[in-house]
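Below, each chain spelled out in residue letters.
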Amino acid sequence: MQRERNILIFPVGTEVGLETYKSLKDCKGVKIFSASNDFPNHSEYVVKNHCIIPGVKEEGWLEALNNLIEKHEIHYIFP
């Protein structure tokens, strides 16, 4: 039996990020997570498992990203 794969789209608030989500959302065996910094966009309403982390130019963003990857057992990241 195939195990579900956890995928992270980061950042999801861009047009490319949202297109990636639309491409993957109906795939079997995939659970999608998204992350972006706290700026106004509608991704938190589109993706069920949305997380807020610091932007890549902010201190601590990499640690926050790594914590998110570990917490949700992310297998793949779509940048």
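Because the structure is a prediction, the values reported are computed rather than measured.

Colleague: Would you mind showing me how to read the nonpolar core here?
Modeller: The nonpolar side chains of a soluble globular protein tend to be buried with one another. In terms of nonpolar packing, the biggest core is built from 10 residues, these being Leu 8, Phe 10, Phe 33, Ala 35, Cys 51, Ile 53, Ala 64, Leu 65, Leu 68 and Ile 74. Among the secondary structure elements, those contributing two or more residues to this core are β2 (30-36) and α3 (61-71). If you tally residues by element for this core, the top one is α3, at 3 residues. Those residues within four positions of Ala 64 in sequence are excluded, and the remaining contacts are Ile 53 and Pro 54. Of all hydrophobic cores here, the second largest spans 8 residues; its members include Ile 7, Ile 9, Leu 18 and Leu 24.

Colleague: Is there a simple way to explain the pairing of β2 in this structure?
Modeller: Consecutive side chains of a regular strand alternate in pointing toward one face of the sheet and then the other. Most of β2 sits out of view: 5 of its 7 residues are buried. Across 5 bridges, the pairing between strand β1 (residues 5-9) and β2 is parallel. Bridge pairing in β2 places Ile 7 opposite Ile 32. For the crossover from β1 across helix α1 (residues 15-24) to β2, the handedness is right-handed. With 4 bridges joining them, β2 and strand β3 (residues 49-52) adopt parallel strand pairing. The partner of Ser 34 across the bridge, within β3, is His 50.

The rules behind these values
Residues numbered from 1 in each chain as written. Predicted model: local features only at pLDDT ≥ 70, side-chain atom pairs only at ≥ 80, totals over all residues. Heavy atoms only, no water. Core = buried A, V, L, I, M, F, W, Y, C linked by side-chain atoms within 4.5 Å. Buried < 20%, exposed > 50% of the residue type's maximum accessible area, 1.4 Å probe, protein only. Helix = DSSP H or I, 4+ residues; strand = E, 2+ residues; numbered from the N terminus. Contact = heavy atoms within 4.5 Å. Pairing = 2+ DSSP bridges. Right-handed = clockwise from strand over helix to strand, strands pointing away.

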